[in-house]
Structures are given as structure tokens and as C-alpha cells.
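Report on the structure
Chain by chain, the residues run as shown.
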Amino acid sequence: MRRPPHRVGGALSCVGLVGLLGLAGCALPGGGAPPAAATTSTTPAPTTATTTPAPVFVVPGACAQLLTVGQVADGLGVRLPGTTTYVVGEPQPDIGRTARITCGYGVAPATDTAGASDPLLEVTVFVYDGPAAAAERVEVLVANQEQQGVRADPAVVPGADAVLLSGPADTTLVATVAERTYALTLLPGLLDAPGTQGALQTLAAVAIAAGDPADGSAAATG
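Computed from a predicted structure; not experimentally measured.

Some words on unusual backbone geometry
- A positive phi angle, near 55 degrees, is found at Ala178, a position not held by glycine.
- Within the secondary structure, Ala178 sits in the loop between β6 (171-177) and β7 (180-186).

Next comes the structure, spelled out in C-alpha cells:
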């Protein structure tokens, strides 16, 4: 934060003007003419401007760096059974996406007769090469979902632009902060509609805070 200019109160005395005006216009005791004062000039040393690079978002290297199992349980009000999965997606330069990771919570492990289940809660972080690309992809997603009959409603996540997409198969909250977008999808059956929206908003806020570049809390590169 820049400090306001410091203002020195009071008029400068004749002596105080020596370095600025060389006593010009000041009277000495006895009415004598002021002696000529030597003046010197100094050239200020050049200053080098320094800039602090903006913090960079670091893709979580594990699901616990995004949302812990305990945080998920607190947000949903119920502890999910099963395990957690972590998947790294490929960059997509054609749409400006530079990274993607997906964490699944409440995944029933594969057995001899069946594969692993879909996660009860899925949280994905998309990172783009700028805020414009991130916003554009959300617009495309929302338009596509609405064409398929999914309802889009405003959602409230501090510091983010958020929308809630409610469909028959699941409910997804999409929250965008600068160049990153968080998508949290909850399968039906765990909570009612108001409870689902509240839980997803809470979990989105926690996930965003965990990855805030300003505090450097995420610890792995993507």
C-alpha cells in the first residue's frame, strides 16, 4: 500500500532555507547584506524499480491438498464410505487449458466381479492460460447444459463467480476464480436440494481457499 505524502507543518526559517535558496531574501542582524553563499548540487543516485511477481497457482499434488476427507465430511454432514481417487488430466492448448486434476471422494474399490464405483463427490480443478479462457469455457458449459434441460441457478461462493447446475443425474457447482475453475459434482441421494447447494458452496469455498496463490498452501506443481 502506498503511503500518503508526508506533509511537514510550519514555515521554513531563514536558516532552514540555506540548502534550498542560499539565504536569498533573508536579512541579517544589523541590516548587513547577506554574504554570498556557495551552492552545491547533488545528483540523486539512480534507483532501480523492483517488482514482485504475482503469486502463481500451484496444482494440488494430492486430494488432501484440495479437500481432506474430514473437510468433505464436515461440508456434507456425513462421512463418505470408500476411498479417494486422484487423476491428472492432459492440457488442452486449443481451449487454453494448461492443467486439470480430478479428485473422487466416496469411491467403492473394484472387486473381482465389479469395477470401482463412480465417486459420490467429484471435485475437478481446471487451470487456463488466463481468466478470459476460464470464463469462456464456463459459458460454453452452461449453454450446453441448459440445452440438455439442466437448470442453471446463481450460487454464492466468496471471491468467485459461481453457478449451480441441477440435473436429474447429479448436481454440479462451477466456481471460477481468475484463471482456474472448480467443478464439484454430487450424486443424488445424500442430501436434499437445499442441502446439496449449501454443501457444494461450502466445499467450493474451502477448496478455493486451499489453493489461493496468495498463501501458497498448495504444494505440488502440475
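Points about the sheet that holds strand β3 (residues 121-128)
- Strands sit in the order β1-β2-β3-β7-β6-β5-β4 across an open sheet of seven strands; the sheet is antiparallel. Each having just a single partner strand, β1 (83-89) and β4 (151-155) make up the two edges of the open sheet. In this sheet, adjacent strand axes meet at a mean angle of 15 degrees when their direction is disregarded.
- Strand direction decides the pairing type here: strand β5 (residues 161-166) and β6, joined by six bridges, are antiparallel. Residue pairing across strands places Ser166 opposite Thr171, the latter belonging to β6.

Some words on helix α4 (residues 193-210)
- If you check α4, its first and last C-alpha atoms are 26 Å apart, about what 18 residues at 1.5 Å a residue would give, namely 26 Å.
- Residues Thr196, Ala199, Leu200, Gln201, Leu203, Ala204, Ala207 and Ile208 constitute the buried set of α4.
- The secondary structure elements touched by the buried residues of α4 are α2 (69-76), β3, β4, β5, β6 and β7.
- The backbone nitrogen of Gly195 has a side-chain oxygen 2.7 Å away, supplied by the residue at the start of α4, namely Asp192.

Looking at the confidence of the model for the chain
- Within the chain, residue pLDDT values average 81, and 71% of them lie at 70 or more.
- Taken as a whole, residues 1-31 scores under 50 in pLDDT and shows 12 contacts with residues more than four places along the chain or in a different chain.

Some remarks on the state of the cysteines
- The tally for this structure, following the rule as stated, stands at one disulfide.
- Linked covalently through their sulfurs, Cys63 and Cys103 form a disulfide whose S-S length is 2.2 Å. With the S-S dihedral at roughly -105 degrees, the linkage between Cys63 and Cys103 falls on the left-handed side. One end of the pair, Cys63, is in the loop between α1 (18-21) and α2; the other, Cys103, is in strand β2 (residues 97-107), and 40 residues separate them in sequence.
- Residue Cys103 is classed as buried on the basis of its relative accessible area of 0%.

Description of the nonpolar core
- Counting residues in hydrophobic clusters, the biggest one holds 33 residues, and the most contacted among them are Leu66, Tyr105, Leu121, Val157, Leu173 and Tyr182.
- Those elements that place two or more of their residues in this core are α2, β2, β3, β5, β6, β7 and α4.
- The element best represented in this core is α4, accounting for six residues.
- Sequence-distant contacts of Leu173, defined by excluding residues within four places in its chain, comprise Ala155, Val157, Val163, Leu164, Tyr182, Ala183, Leu184, Leu200, Gln201 and Ala204.

What about the pattern of salt bridges?
- If you walk through the whole model with that rule in mind, you get one salt bridge.
- Between Arg151 and Asp153 there is a salt bridge; the shortest N-O distance is 2.8 Å.

A few points about the packing of α2 against α4
- Between α2 and α4, the shortest axis-to-axis distance is 8 Å and the interhelical angle comes to 150 degrees. If you check the angle between α2 and α4, you find them roughly antiparallel. As for the relative orientation of α2 and α4, their crossing is right-handed in sense. Seen from α2, the contacting residues are Gln71, Val72, Gly75 and Leu76; seen from α4, they are Ala199, Leu203 and Val206.
- In the contact of α2 with α4, the residues fall into five nonpolar, two polar and no charged.

Quick notes on the pairing of β6
- Most of β6 is tucked away, with seven of its seven residues classed as buried.
- Here β6 shows two buried faces, one formed by Thr171, Leu173, Ala175 and Val177 and the other by Thr172, Val174 and Thr176.
- A loop of four residues connects β5 with β6, the two strands running antiparallel in sequence.
- Remark: two residues form the turn of the hairpin made by β6 and β7, two consecutive strands paired antiparallel; Ala178 in that turn has positive phi of roughly 55 degrees.

About the criteria used
- By convention here, each chain's residues receive numbers from 1 onward along its written sequence.
- This being a predicted model, a pLDDT of at least 70 is required before a residue's local features are given, and a value of 80 or more before pairs of side-chain atoms are given or counted; all residues contribute to the totals for chains, interfaces and linings.
- Side-chain measures here rest on the full set of heavy atoms in the structure, leaving out hydrogens and waters.
- Every helix listed is a DSSP run of H or I at least four residues long, and every strand listed is a run of E at least two residues long, numbered separately from the N terminus.
- Strand pairing is assigned whenever DSSP identifies at least 2 bridges connecting the two strands.
- Axis lines are fitted to C-alpha atoms, over the contacting stretch for helices. Their N-to-C directions set the angle, which ranges from 0 to 180 degrees.
- Given the number of residues in a helix, its expected span is that number minus one, multiplied by 1.5 Å.
- Throughout this description, buried means an accessible area under 20% of the type-specific maximum (1.4 Å probe, protein chains only), exposed means over 50%, and partly exposed covers the range between.
- Contact definition: two residues touch when any of their heavy atoms are within 4.5 Å.
- Here a polar contact means two N or O atoms within 3.5 Å. Within protein one must be a hydrogen donor candidate and the other an acceptor candidate, and residues neighboring in sequence count only if both atoms are side-chain atoms.
- In predicted models, pLDDT denotes the confidence assigned by the predictor to each residue on a 0 to 100 scale.
- Cysteine sulfur atoms are paired as a disulfide whenever they come within 2.5 Å of each other.
- We call a set of buried Ala, Val, Leu, Ile, Met, Phe, Trp, Tyr and Cys residues a nonpolar core when their side-chain atoms join them within 4.5 Å.
- Here a salt bridge means any side-chain nitrogen of Lys or Arg lying within 4 Å of a carboxyl oxygen belonging to Asp or Glu.
- Each angle gets one of four labels, with under 35 degrees taken as roughly parallel, over 145 as roughly antiparallel, 65 to 115 as roughly perpendicular, and the rest as oblique.
- If you view the pair so one helix is near and one far, a crossing is left-handed when the near helix is turned anticlockwise from the far one by less than a right angle, and right-handed when it is turned clockwise.
- When residues are sorted by character, Ala, Val, Leu, Ile, Met, Phe, Trp, Tyr, Cys and Pro go into the nonpolar class, Asp, Glu, Lys and Arg into the charged class, and all the rest, Gly among them, into the polar class.

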